[in-house]
Amino acid sequence: MSKVLNEVCDMLDTYTGRDKIVRTLCYTTKLASGMYSSKDPDFAKKLAIFSSKMSQTRATLRLLDDLPMLSYSLSYGTGSKEPDRIMGLIGFITNIIDHVYYPVDKICWMIEYKLLNVENPTKWDTMNSIFWVASIYLNLMKTIRSYTVMEQHKTHINKPENESRYIPL
């Protein structure tokens, strides 16, 4: 039990770990809310409220993402350390989109909490969603490309001419 407790505490000690835990709680309770909606509507409503609060927590924590994202983007550069140029280009474009997403996300957050009045809040929410989806889509493309590159390497390594042969003396 202490090993599991230590692993959870280690996750909670980092921003990324906390985000993973909060995101897991958010989406798990959202799913459970849908599953209980006809069986136990009151319980489903409580789960939906909890999920919504976890989502709000993530949105609030994202207000602090600018400097870590800038640091990451500067160290990432144009993606020259990626296994191939396609992955580097996708990563570079994703970083640009994320740098546009963060200020738009902050504007949406301020609109939601009535700290900022705009003429068309739906427009901002739509833009926010477009940047978010574009970032997720590009990350998915980069992951698929990474998988493809690894499979190509695996195929190349497993070719018979690449096997070393043991010749006894």
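Residues numbered from 1 in each chain as written. Predicted model: local features only at pLDDT ≥ 70, side-chain atom pairs only at ≥ 80, totals over all residues. Heavy atoms only, no water.

Colleague: Describe helix H2 (residues 15-36), naming the residues involved and giving the relevant values.
Modeller: Taking 1.5 Å of rise per residue, 22 residues should cover 32 Å, and H2 covers 31 Å from first to last C-alpha, within 8% of that figure. Within H2, burial applies to Gly17, Asp19, Val22, Cys26, Thr29, Ala32 and Ser33. (Helix = DSSP H or I, 4+ residues; strand = E, 2+ residues; numbered from the N terminus. Expected span 1.5 Å × (residues − 1). Buried < 20%, exposed > 50% of the residue type's maximum accessible area, 1.4 Å probe, protein only.)

Colleague: Outline a nonpolar patch on the surface, listing residues and values.
Modeller: Taken together, Leu89, Phe92, Ile93, Ile96 and Val100 make up a surface patch of nonpolar side chains, about 390 Å² in accessible area. Inspection of the secondary structure assignment puts Phe92 in helix H5 (residues 85-112). (Patch = residues over 30% accessible without salt bridge, like charges linked within 9 Å, V, L, I, M, F, W, Y side chains within 5 Å. Areas by Shrake-Rupley, 256 points an atom, 1.4 Å probe, with all protein chains shown as cover. Salt bridge = Lys/Arg side-chain N within 4 Å of Asp/Glu carboxyl O.)

Colleague: Kindly report on the side chain of Asn128, identifying the contributing residues and their values.
Modeller: Locating Asn128 in the fold gives a position in helix H6 (residues 121-157). Those residues in contact with Asn128 that sit more than four places away from it in its chain are Tyr101, Val104, Asp105 and Cys108. (Contact = heavy atoms within 4.5 Å.)

Colleague: With reference to specific residues and values, describe unusual backbone geometry.
Modeller: Of note, the phi angle at Lys114 is positive, near 60°, even though the residue is not glycine. Residue classification places Lys114 among the exposed residues on the basis of a relative accessible area of 67%.

Colleague: Account for the packing of helix H1 (residues 2-12) against H2, naming residues and giving values.
Modeller: Interaxial distance between H1 and H2 falls to 6 Å at its minimum, and their mutual angle equals 110°. In terms of orientation, H1 and H2 fall into the roughly perpendicular class. Here Val8, Met11 and Leu12 of H1 come into contact with H2, specifically with Gly17, Arg18, Lys20 and Ile21. Classifying every residue of the contact of H1 with H2 by side-chain character gives four nonpolar, one polar and two charged. (Axes fitted to C-alpha atoms, helices over the stretch in contact; angles between N-to-C directions. Parallel < 35°, antiparallel > 145°, perpendicular 65-115°, else oblique. Nonpolar A, V, L, I, M, F, W, Y, C, P; charged D, E, K, R; others polar.)

Colleague: Describe in detail the pattern of salt bridges, supporting the description with residues and values.
Modeller: A full pass over the atoms with the stated rule returns six salt bridges. With its nearest N and O atoms 2.8 Å apart, the salt bridge here joins Asp19 to Arg58. With Asp19 in helix H2 and Arg58 in helix H3 (residues 41-61), the pair connects residues that are 39 residues apart, well separated along the chain. Across this residue pair, the class does not change: Asp19 and Arg58 are buried.

Colleague: Tell me about the environment of Ser75, and please be specific about residues and values.
Modeller: Residue placement: Ser75 occurs in helix H4 (residues 66-76). Its relative accessible area of 49% is what places Ser75 among the partly exposed residues. In sequence terms Ser75 and Met11 are 64 residues apart; their C-alpha atoms lie 23 Å from each other. A distance of 2.9 Å separates a polar side-chain atom of Ser75 from the backbone oxygen of Tyr72. (Polar contact = N/O pair within 3.5 Å; in protein donor to acceptor, adjacent residues only side chain to side chain.)

Colleague: Describe the layout of surface pockets, with residues and values.
Modeller: Roughly 1,400 Å³ of volume is contained in the largest pocket. Along its surface, the largest pocket is lined by 41 residues, and Arg58, Arg62, Tyr101, Tyr102 and Trp132 are the ones closest to its centre. Those elements that place two or more of their residues in the lining of the largest pocket are H2, H3, H4, H5 and H6. The class makeup of the residues in the lining of the largest pocket is 19 nonpolar, 10 polar and 12 charged. (1 Å grid on protein atoms, 1.4 Å probe; cavity = no way out; pocket = protein on both sides within 12 Å on 5 of 7 lines; lining within 4 Å. Points joined across faces, edges and corners; volume = space filled by probe spheres on them.)

Colleague: For the packing of aromatic side chains, give the residues involved together with the corresponding values.
Modeller: Under the definition given, this model contains four aromatic pairs. A ring pair is formed by Tyr101 and Tyr102, whose centres lie 5.7 Å apart and whose planes are at 55°; its orientation type is tilted. Exposure class is identical for Tyr101 and Tyr102. Each is buried. (Phe/Tyr/Trp six-rings, centres within 6.5 Å; stacked < 30°, edge-to-face > 60°.)

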